[in-house]
Amino acid sequence: MISTPALQDLTMLSITNLHANVADKPILKGLSLSINAGEIHAIMGPNGAGKSTLGYTLAGRPGYDVTDGSVTFLGEDLLALAPHERAAAGLFLGFQYPVEIPGVSNVQFLRESLNAQRKLRGHDPLSGADFLKLARAQADAMGMDMDMLKRPVNVGFSGGEKKRNEMVQMGIIDPKLAILDETDSGLDIDALRVVGDGINRIMRKPDKAVLLITHYQRLLDYVQPDFVHVLAGGRIVRSGGPELALELEREGYKDLAA
Amino acid sequence: MTDTPIKDQAAHDAAARVADYEHGWSADIETDFAPKGLSEETVRFISAKKNEPDWMLDWRLKAFRMWQTMESPDWAKLNVPPIDYQDAYYYAAPKAKKTLESLDEVDPEILRVYEKLGIPIEEQKVLAGVEGARKVAVDAVFDSVSVATTFREELKKAGVIFLSISEAIREYPELVKKWLGRIVPMRDNYFATLNCAVFSDGTFVYIPEGVRCPMELSTYFRINAENTGQFERTLIIADKGSYVSYLEGCTAPMRDENQLHAAVVELVAMDDAEIKYSTVQNWYPGNSEGLGGIYNFVTKRALCQGNRSKVSWTQVETGSAITWKYPSCVLNGDDSVGEFYSVAVTNNYQQADTGTKMIHNGKRTRSTIVSKGITAGKSNGTYRGLVRVAAQADGVRNFTQCDSLLLGDQCGAHTVPYIEVKNPSAQIEHEATTSKISDDQLFYAMQRGLGQEEAVALIVNGFAKEVLQQLPMEFAVEAQKLLGISLEGSVG
C-alpha cells in the first residue's frame with residue numbers, strides 16, 4: 001500500500017465562482033467554498049437554494065452543466081474528470097434518495113465498484129474473501145445484518161435502511177471527501193444517532209473531510225461541524241461556526257433568501 | 001491477431017467496416033464446397049459426401065421436394081430481406097485428413113480459431129490434468145462437420161452415445177430413424193424442411209435408461225466459410241430416468257453478406273428423464289449500420305414424452321442480425337415439466353422475434369416461462385409465446401413472466417402472448433413489465449466508481465439474473481461478459 005502524504009491542513013476542495021445550469025436554468029450562481037482536510041462543513045439553506053445541485057455538480061452528474069468557475073480536488077481539476085474518476089479520486093456522494101438496482105446484490109455492487117476504483121488508482125483488486133471481511137466489518141459497525149448486504153441494492157429497503165446502507169457503502173469505499181446530501185432526512189431519532197456515529201467514525205480523520213448538506217440542525221447534534229454555510233439563491237450568503245446552525249434553527253431562512 | 005488473407009477490395013472494405021466486432025475475423029482453412037446453389041444435385045452431393053445410406057438420401061430428397069412447394073413465413077415481427085437460396089453454398093467441410101484420436105490432431109488453424117474466440121474449451125484443463133476441472137465434452141462443430149469428438153471413451157463406459165449426427169446415421173440407424181423428424185416434423189415450417197434436405201452435420205446424443213450423464217456435453221458452433229448456410233441438426237434422446245445437460249455456444253467471424261442459419265434441434269425425454277439445454281448465441285449481429293449479420297432461423301422443440309419427464313431450455317441470445325427462434329416443449333407425459341429461460345439482447349439494427357411454445361397435453365403438466373428482453377440502439381425485440389392446454393389435460397399450471405428493458409428511445413420491445421386453454425382446471429399466470437435503465441441508476445453506479453459501460457453491464461446483468469443463474473457456471477460467466485459487450489456504445 002502506498003502511503004498517502006499528510007493531508008492535514010491541506011486544501012481538499014476548492015470551489016471558486018461556480019456557476020451551473022440544470023436544463024439551461026442557472027441554479028448555482030457564483031458559489032465559492034474552500035474545505036481543508038480534517039474539517040467538517042455543513043451547508044444549510046431553504047428548499048430550491050441549490051444544495052442538491054451542488055452535490056450533483058461536484059460528483060459530475062450528467063445534465064448538471066458547469067458554465068463558469070473552477071473546482072480543484074486535492075489539487076486536481078475536478079471538473080475535467082468523469083463521474084467514476086471523481087469517485088476513484090476519493091469523492092463520495094451520499095444520495096438523498098438512494099437508488100434501487102434490482103437483481104444486483106449490495107455485495108456484488110460494492111465489490112465491483114471498489115475494485116473499479118482500485119483499478120483506476122493502479123491497485124490490485126480486492127479478493128472475494130478480503131472484500132467480504134471488509135464488508136462484514138462495515139455492516140457490523142452500522143448495525144446492519146450481513147443478509148441485507150446480500151440483497152439487491154436498496155430494493156425493498158425502508159428509507160432508514162437505505163440511508164444506513166449509504167453509510168455502509170461509505171465505510172467500504174473509504175473516501176477522502178464525503179458529500180452527504182440530506183443523509184438525515186427520513187431518519188428516526190435512533191437511526192439518526194447510528195448514522196451520525198457512522199459519519200464520525202468513518203470520516204472524522206485528519207486526512208478526510210465532509211460536506212454535510214442538510215435542512216435541519218438535528219444531525220449537527222451528532223456530527224459537530226467546524227463550519228456552517230448558508231446557501232441561498234445559488235451562492236453562499238453567510239458562513240460561521242456551529243452557532244450559526246442554531247441561529248438558523250431558531251430564526252429560519254426567510255431573511256436570507258436572495 | 002494474425003492477418004487475414006484479403007481476397008479483394010470489397011472484402012477488405014467490408015472487413016474494415018466491421019472491424020469493431022470482437023470476433024470479426026476469418027481463418028484460413030481449405031474448404032470443400034458443395035456446388036453453389038440449391039438443387040437435387042446439392043442434396044445428393046451432401047448425402048454422398050457423408051456416405052449416407054439410401055434411406056437418408058430418400059428422406060432428404062422428400063424434404064427438398066416438399067420445401068420447393070412451401071413459402072417463407074412472414075408472421076413474425078421481423079423485416080427479413082428476400083433470401084436468394086441459389087446464391088449460397090450448402091456444404092463446406094474442413095478437408096478431412098483421417099479420423100482423429102485427440103485434439104492434437106486437429107488442424108492447428110482450427111484450434112487457433114477457438115483460442116481467438118476465447119472459447120473455454122474446458123477439456124483442455126482436463127487434458128492438462130487441472131485438479132477439479134469440470135469435465136465438459138466438446139463435440140466441436142467447425143463449419144459443418146464434427147472435427148473432433150472427445151471423451152468418447154468415458155462416455156461409452158457410462159453407455160452414453162455422443163456422436164456427430166452423420167456418424168449416428170451410419171452407426172445407430174434404428175435410433176435415428178425412430179426419432180429424426182418425429183419431434184419437429186419434416187413439414188413443420190419452411191426452414192425446418194430446408195434443414196431436413198440439406199443439413200450438414202450436428203450432434204446426436206443418447207442417454208440410456210437410468211444413466212446420469214457424467215459430464216456436461218458441449219458443442220461450439222462456428223460459421224466460417226463465406227456464403228455457407230449452416231444447417232445443423234441435433235437429436236438428443238434421454239431414456240427413462242436419465243439426465244443430461246447440454247451446452248451450445250457459438251460466435252461467428254465477420255461477414256459482409258448475410259448468412260443463413262437454419263438449425264433444427266429435437267429433444268425427447270422418456271419417463272422420469274430430464275434434459276437441460278443451454279445456449280449462448282453470439283453470432284455476428286451486423287455492424288452498427290445494420291450491414292451484414294447472421295439470419296438465425298432455428299426450430300428447437302422438445303417432446304416430454306414420458307411421465308414426470310422434464311426439459312429446461314435456457315438461452316442467452318445476443319448475436320445475429322435476425323433471430324427467429326421458439327424453443328418449445330410438448331408436454332405429453334403426465335406430470336411432465338417444461339421450462340424456458342431466455343435473455344435476448346438486441347442493439348443497433350438487430351431484430352429478434354423469440355419465445356416459446358408450451359403445449360400441455362398430459363395431466364398435471366407444468367411450465368415456467370421467464371423471458372428477459374433487452375433492446376438498445378434502433379433494434380426491435382419481440383417476445384412471442386404460446387401456452388396451450390388440451391381438453392384432456394387436467395390440473396395444468398403455467399407461469400409466464402416477460403420483462404423488457406429499454407436502453408435509449410429509438411428501440412422497440414414487444415410482447416405477444418398467446419394463451420389457448422381448453423380445460424377449465426388450468427391455472428395460467430402471465431406477468432409482464434417494461435422498464436428503462438434510469439439515469440438515476442447509471443449515475444448511482446458511476447458515483448460508486450463504475451465506468452459507464454460497466455454500469456450498464458451491471459444493471460443489465462441484474463435484470464437478467466433470473467435467467468443467467470439457470471446456466472451452468474462456465475457459461476454464466478461467459479454470458480455475463482457477453483451482455484456487457486453486446487451493449488457497448490448503447491448509452492451516452
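From a predicted model like this one, the values you see are computed outputs, not experimental measurements. (Residues numbered from 1 in each chain as written. Chains lettered and ligands numbered in written order. Predicted model: local features only at pLDDT ≥ 70, side-chain atom pairs only at ≥ 80, totals over all residues. Heavy atoms only, no water.)

A. Structural view of the interface of chain B and chain A. At the interface, 18 residues of chain B touch 30 residues of chain A. Overall, the association of chain B and chain A removes approximately 2,000 Å² of surface from exposure, summing both partners, and the carbon and sulfur fraction of that is 66%. Ranking the residues of chain B by area buried against chain A places F443, Y444 and R448 of chain B at the top, with a combined share of 39%. Summed over the shared surface of chain B and chain A, the result is 2 salt bridges. The salt bridge involving D440 of chain B is made with R61 of chain A; its shortest N-O contact spans 2.6 Å. At the level of secondary structure, the elements contributing two or more residues to the side of chain B that touches chain A comprise α10 (439–447) and α11 (452–463) of chain B. In terms of residue class, the side of chain B that touches chain A is made up of 8 nonpolar, 5 polar and 5 charged. (Contact = heavy atoms within 4.5 Å. Buried area = accessible area lost by both parts, 1.4 Å probe. Salt bridge = Lys/Arg side-chain N within 4 Å of Asp/Glu carboxyl O. Helix = DSSP H or I, 4+ residues; strand = E, 2+ residues; numbered from the N terminus. Nonpolar A, V, L, I, M, F, W, Y, C, P; charged D, E, K, R; others polar.)

B. Local environment of the pattern of salt bridges. All names here are of chain B. Enumeration over the complete set of coordinates arrives at 21 salt bridges over all chains. The salt bridge involving K325 is made with E317; its shortest N-O contact spans 2.3 Å. Pair check on accessibility: K325 and E317 agree, each one buried. Where R364 meets D335, a salt bridge forms, and the shortest distance between an N and an O atom there is 2.9 Å. Taken together, the positions of R364 in the loop between β18 (351–360) and β19 (366–375) and D335 in the loop between β16 (328–331) and β17 (337–346) put the pair 29 residues apart, joining distant regions of the chain. Classification of R364 as partly exposed rests on a relative accessible area of 41%. The exposure class of D335 is partly exposed, given its relative accessible area of 26%. When salt bridges with common partners are traced through the structure, they connect E40, R44 and R65 into a single cluster. (Buried < 20%, exposed > 50% of the residue type's maximum accessible area, 1.4 Å probe, protein only.)

C. The confidence of the model for chain A, seen in detail. All names here are of chain A. Considering every residue of chain A, the mean pLDDT works out to 91; 95% of them sit at 70 or more. For chain A, helix α8 (residues 242–251) is the element with the lowest average pLDDT, namely 87, and strand β6 (residues 91–94) is the one with the highest, namely 98. Per-residue pLDDT stays below 50 along residues 1–5; that stretch engages in 3 contacts with residues further than four places along the chain or on separate chains. (pLDDT = per-residue confidence, 0-100.)

D. Spatial organisation of the pairing of strand β21 (residues 397–406) of chain B. All names here are of chain B. Burial of β21 is extensive: 8 of the 10 residues sit out of reach of the surface. Pairing of β19 with β21, which is carried by 10 bridges, proceeds in the parallel orientation. Considered in β21, the bridge of V370 is made with Q401. (Pairing = 2+ DSSP bridges.)

E. How the structure looks around a negative patch on the surface. A cluster of acidic residues, E112 of chain A together with E453, E454 and E488 of chain B, forms a negative patch on the protein surface. The topology assignment puts E453 of chain B in helix α11. (Patch = residues over 30% accessible without salt bridge, like charges linked within 9 Å, V, L, I, M, F, W, Y side chains within 5 Å. Areas by Shrake-Rupley, 256 points an atom, 1.4 Å probe, with all protein chains shown as cover. Lys, Arg positive; Asp, Glu negative; His and termini not counted. Charge placed at Lys NZ, Arg CZ, Asp CG, Glu CD.)

F. Spotlight on helix α6 (residues 159–173) of chain A. Residue and element names in this part refer to chain A. An ideal rise of 1.5 Å per residue puts 21 Å on 15 residues; α6 measures up with 21 Å between its terminal C-alpha atoms. Buried residues of α6: K162, K163, N165, E166, M167, V168, Q169, M170, G171, I172 and I173, and no others. In the segment just after α6, D174 is the residue with positive phi, at about 55°. (Expected span 1.5 Å × (residues − 1).)

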